[in-house]
Amino acid sequence: MISVVMSWIALLLDWLNRYANLLLVIITAAYAFLTWKTLKVLERANLREREAQHLTDIKRQVVFPILQWLESAVVETLRGQHDPVIIMQALGYESSPHAPRQLYPAVLRIDGLSHDLYEHATREHFQTLHKYQAFREMVEQLFGTLAELGNQCCTDIQKLTSLPPFAGDRSKNLVDCEGVVQLCLRGIIAGNEPEFYVADEHTGSTIVTTAYSPQVIARGPDAEIRGWLNKSKELIGKSWSDARLRERIQRTRDDADKLRDTIRQIELTYALPKPCKYTKD
């Protein structure tokens, strides 16, 4: 029995001696294959990690800023929660309390948006993002129209009184046409009656303030102030009605809701549609 075992061992050693190089090649090939498979697994894991991080960056620097902008800068303003026009000194004049003032479109600032990443994400991953830019241009035109209407109303209501326009000193007799129009437009958009507070100063003058600021926006003889304010509100309301902006604002709000739904689809995405230069080796 022992001799048989020894003979088998001798045969095995002889076979190993004859085919040692072949065994080394096979073992090396198997090791190389396993190493290659391991590297591929690591590469795929690394690719998924890069893609996940890239998608996270797109959501944080593109998707979330657009959604926040839609709600706070657009929808809330078109519901009358913010001023649709802002008061600034007319462009081209030096900064001075006496520089003429003018109404400008509300600032549609979007915080946190990476424009480069937006362009990349629109081109490479989510083409529906281009709807944001098209919508923004439409909104800018709407707010520009509101500012044009407001400035025309300022010109028209100034003609309704002999009191001077506001020129930096609110302790004198004045009418702040820009302030009145700004408040009226905000109230009209919200579907509310603009709130003006008319009070007797007990000094022979009547003053007008608003619900949003204690600043005097009109001061003068009681009869003239009250008459001017009533006629101004009537004129602004008629100008608004003639411009037929109510329907346009509602369409814009509807478009904002559609865009929000589209962008939220990206927010709920868990994988990029395809790799790009930021995820490839």
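Residues numbered from 1 in each chain as written. Predicted model: local features only at pLDDT ≥ 70, side-chain atom pairs only at ≥ 80, totals over all residues. Heavy atoms only, no water.

> Would you take a moment to explain the side chain of S232 for this structure?
Here S232 shows up in helix α6 (residues 222–243). The exposure class assigned to S232 is buried, which follows from its relative accessible area of 0%. Contacts of S232, omitting those with residues within four sequence positions, involve I157 and L160. (Helix = DSSP H or I, 4+ residues; strand = E, 2+ residues; numbered from the N terminus. Buried < 20%, exposed > 50% of the residue type's maximum accessible area, 1.4 Å probe, protein only. Contact = heavy atoms within 4.5 Å.)

> Where do I start with the pattern of salt bridges in this structure?
When their charged atoms lie close together, side chains carrying opposite charge are able to pair. Within the structure shown, the criterion is met by 16 salt bridges. In this structure, R136 engages E140 in a salt bridge whose closest nitrogen and oxygen atoms are separated by 3.1 Å. Highlighted residues: R136 and E140, both in helix α4 (residues 130–158), separated by four residues, approximately one helical turn. The exposure class of R136 is buried, given its relative accessible area of 13%. We note a salt bridge from K233 to E193, for which the minimum N-O separation is 3.9 Å. With a gap of 40 residues between them, K233 in helix α6 and E193 in the loop between α5 (177–190) and β4 (196–200) connect regions that are remote in the sequence. A relative accessible area of 25% means that K233 is categorised as partly exposed. For E193, a relative accessible area of 59% puts it in the exposed group. In this structure, a network of salt bridges that share partners links the residues E71, R79, D257 and R260. (Salt bridge = Lys/Arg side-chain N within 4 Å of Asp/Glu carboxyl O.)

> Looking at this structure, how should I read the pairing of β4?
Along any regular strand, the residues point their side chains to alternate faces of the sheet. The pairing of β4 with strand β5 (residues 206–210) spans five bridges and is antiparallel. Counterpart to F196 in the pairing with β5 is T210. (Pairing = 2+ DSSP bridges.)

> Explain the packing of α4 against helix α7 (residues 245–267) to me, please; I cannot follow it from the model alone.
Any two packed helices are characterised by the angle at which their axes cross and by the distance between the axes. Contact geometry of α4 with α7 gives a least axis separation of 11 Å together with a crossing angle of 155°. The pairing of α4 with α7 is recorded here as roughly antiparallel in orientation. The two elements α4 and α7 meet at a crossing, and its hand is left-handed. On the side of α4, the interface is formed by K131, Y132, F135, M138, V139, Q141, L142, T145, L146 and L149, while α7 contributes L245, R248, I249, T252, D255, A256, L259 and T262. Looking at the contact of α4 with α7, its residues break down into 11 nonpolar, four polar and three charged. (Axes fitted to C-alpha atoms, helices over the stretch in contact; angles between N-to-C directions. Parallel < 35°, antiparallel > 145°, perpendicular 65-115°, else oblique. Left-handed = near helix turned anticlockwise from the far one by under 90°. Nonpolar A, V, L, I, M, F, W, Y, C, P; charged D, E, K, R; others polar.)

> So what exactly am I meant to see when it comes to unusual backbone geometry here?
Among all residues except glycine, the phi angle is most often negative; among peptide bonds, the trans geometry is most common. Unusually for a residue other than glycine, R244 sits at a positive phi of about 55°. Here R244 is to be found in the loop between α6 and α7. Overall, the relative accessible area of 58% leaves R244 in the exposed class.

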